[in-house]
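A structural walkthrough
Chain by chain, the residues run as shown.
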Amino acid sequence: MTEVEKKKNIQKILWVVLFHGLSVGLWGTFKLLWIESNHIDTTTISRMISLGSLLSCIGIWMISMKISRSKIKKLTLISMFVKFLCLFVLFLENQHLTEKMIAFFIIVDIMMDAMITASIYPLMTCIKKDDKDFGKKNVIRYIAEDLGIFIGGILVGRTILSLPFHYNTFLCMSIFLLIGSILLLLQVQISQNEIEEKVKTTKQFLSYLKKQSVLKSYLGCCFLSYLSWSIVFDLQILILTKLLSFSVTTATFFDLFTNLAADGLGLLLLKCYTPKKEKNGILFKYGLRVIIYSVVFFLNRNSFFLVALILVDLLSALFEDQMDGSYVNLVEDRYQLMFSNLTDITNRFGTAVGVFFAGILFPYGLKIIMLAGAITTLGLVILRFRTYHLKEKKQALN
């Protein structure tokens, strides 16, 4: 395959990422509200999302440990087709499916999304391995998802050319975008001769990890980080619309603009400022979050809760190079991919547990949600300091 052909195929994959990101942005934002409109309570919804996230870990494990690179395209296409079938049934049988049937299709949809996302970059490396392409993929995905949210926020509740835009309409739009992704991916050509299969070293990796106290502690931080975040933020659209009586449009734009502001602030500080010591970053990013949650818990006012969401969201993207990059770079090169996949699995497991507890706490109101967020984040701060000191001790010995 010539360099020109490789470039064209990479561009096709990036278009796949764009279409899939738009699909996720449109459907993912309104998924919870779509489920709720089918008369399913919040606790049950959280269990669906939690189980889907938990089972996603199995899918990612399969990709990293069991699926050869030569079969990545086939796996991605199968995942997209299964997702298409799930969404098509949900769209066609809206308001007619039983709760168990909805739960089944939603869980499978979440699993397929995780497998699609996890398989895209390995698919790109079958053609060409390039750090810039990896960066482009992430940027396009984030922009596409935010654009999907923006489009949904503008159109929801409106009628254009006699077409009403409600949750099921966005589900239909998501299906068409997914079909576009499938058609584009079918056009991607991969030369099997250029794929170098690598022998899996799972046992060696686990033996290596067993001796790395810093990395094991860091994985614990990843778990607690996603758990504490999910308890407060993963049901945010339902909190805003059900507990705070926001309109769907207002809630959608609140979510969109806080995310964009957080990403912008994170990028700005990445270029302009990094704390000299990691412990200062831990106190600023996570310690301040504990204080914010605690203040809202004791004051127990809705207006303070909104301010807390904005502030914590702004803090979320800070110092990621120091909080994560400095630990990932400790991993030996030959184990980087496996450790990256294990980190992703740990993050999703934390999300699954966090969403599960979010559903349990939802009926008790904002005050209890804030208390849970404060306690879990405090645990994260303690573990972060332990991990930091373990890393400093290891570097001193070296």
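Let us look at the structure shown here. What you see as residue numbers is a count from 1 along each chain, following the sequence as written. Totals for whole chains, interfaces and linings use every residue, but because this is a predicted model, local features are given only for residues with pLDDT of at least 70 and side-chain atom pairs only at 80 or more, for both listing and counting. Calculation of side-chain values draws on the structure's entire complement of heavy atoms; hydrogens and water are dropped beforehand.

1. Digging into the packing of helix H11 (residues 278-299) against helix H15 (residues 366-397)
Our working definition: Only the stretch in contact is used when a helix axis is fitted, and all axes are lines through C-alpha atoms; the angle between N-to-C directions ranges over 0 to 180 degrees. Under the scheme used here, helices are H or I runs from DSSP no shorter than 4 residues and strands are E runs no shorter than 2 residues, and both carry numbers assigned from the N terminus. Should an angle lie under 35 degrees it is considered roughly parallel, over 145 roughly antiparallel, and from 65 to 115 roughly perpendicular; all remaining angles are considered oblique. By definition, any crossing whose near helix is turned counterclockwise from its far helix by less than a right angle is left-handed, and any crossing with a clockwise turn is right-handed. In this classification, Asp, Glu, Lys and Arg are treated as charged, Ala, Val, Leu, Ile, Met, Phe, Trp, Tyr, Cys and Pro as nonpolar, and every other residue, Gly included, as polar.
For the pair H11 and H15, the least separation of the axes is 8 Å and the interaxial angle reads 165°. Between H11 and H15, the angle falls in the class roughly antiparallel. Here the hand of the crossing between H11 and H15 comes out left-handed. Across the contact of H11 with H15, the residue classes break down as 15 nonpolar, 4 polar and 6 charged.

2. Things to note about the packing of aromatic side chains
Filter applied, for reference: Centres within 6.5 Å make a pair out of two Phe, Tyr or Trp rings, where for Trp the six-membered ring is used; the pair is then stacked when the planes are under 30 degrees apart, edge-to-face when over 60, and tilted otherwise. Each residue is placed in one exposure class: buried if its accessible area under a 1.4 Å probe, protein chains only, is under 20% of its type's maximum, exposed if it is over 50%, and partly exposed if it falls in between. Here, a charge over a ring is recorded when the distance from Lys NZ or Arg CZ to the ring centre is within 6 Å and its angle to the ring normal is within 35 degrees.
For the structure on display, the rule yields 16 aromatic pairs. A ring pair is formed by Phe246 and Phe254, whose centres lie 6.2 Å apart and whose planes are at 85°; its orientation type is edge-to-face. The exposure class assigned to Phe254 is buried, which follows from its relative accessible area of 15%. Over the ring of Phe297 we find Lys367; its NZ or CZ atom is 5.0 Å from the centre of that ring.

3. What to know about helix H7 (residues 202-210)
Applicable threshold: Note: the arc covers the axis-to-C-beta directions of the helix.
Among all positions of H7, only Phe205, Tyr208 and Leu209 are buried. The arc that holds the buried residues of H7, viewed along the axis, is 95°, so those residues lie on one side. Away from its buried face, by an angle of more than 90 degrees, H7 presents the exposed residues Lys203 and Lys210.

4. Quick look at the nonpolar core
Here is the rule we go by: Side-chain atoms within 4.5 Å link the members of a nonpolar core, which is a set of buried Ala, Val, Leu, Ile, Met, Phe, Trp, Tyr and Cys residues. Contact criterion: two residues are considered in contact whenever any of their non-hydrogen atoms come within 4.5 Å of each other.
Counting 90 residues, the largest nonpolar core has Trp34, Leu90, Ile106, Val232, Leu238, Phe305 and Met370 as the members making the most contacts within it. Counting residues per element, this core draws most heavily on helix H4 (residues 99-125), at 15 residues. For Trp34, the residues in contact, after removing those within four places along its chain, are Trp27, Leu90, Asn94, Ile102, Tyr167, Asn168 and Leu171. Counting residues in each nonpolar core, the second largest holds 21 residues, with Leu209, Met338, Val381 and Tyr388 among its members.

5. Some thoughts on H11
This is how it is decided: The span you would expect from a helix comes to 1.5 Å times its residue count less one. Bend is the name given here to the angle between axes fitted to two runs of seven residues, the run ending at a residue and the run starting at it.
If you check H11, its first and last C-alpha atoms are 31 Å apart, about what 22 residues at 1.5 Å a residue would give, namely 32 Å. A maximum bend of about 30° is found in H11 at Phe284. Taken together, the buried positions of H11 are occupied by Glu278, Gly281, Ile282, Lys285, Tyr286, Gly287, Arg289, Val290, Ile292, Tyr293, Val296 and Phe297. Positive backbone phi, approximately 55°, marks Asn300, located one or two places after H11.

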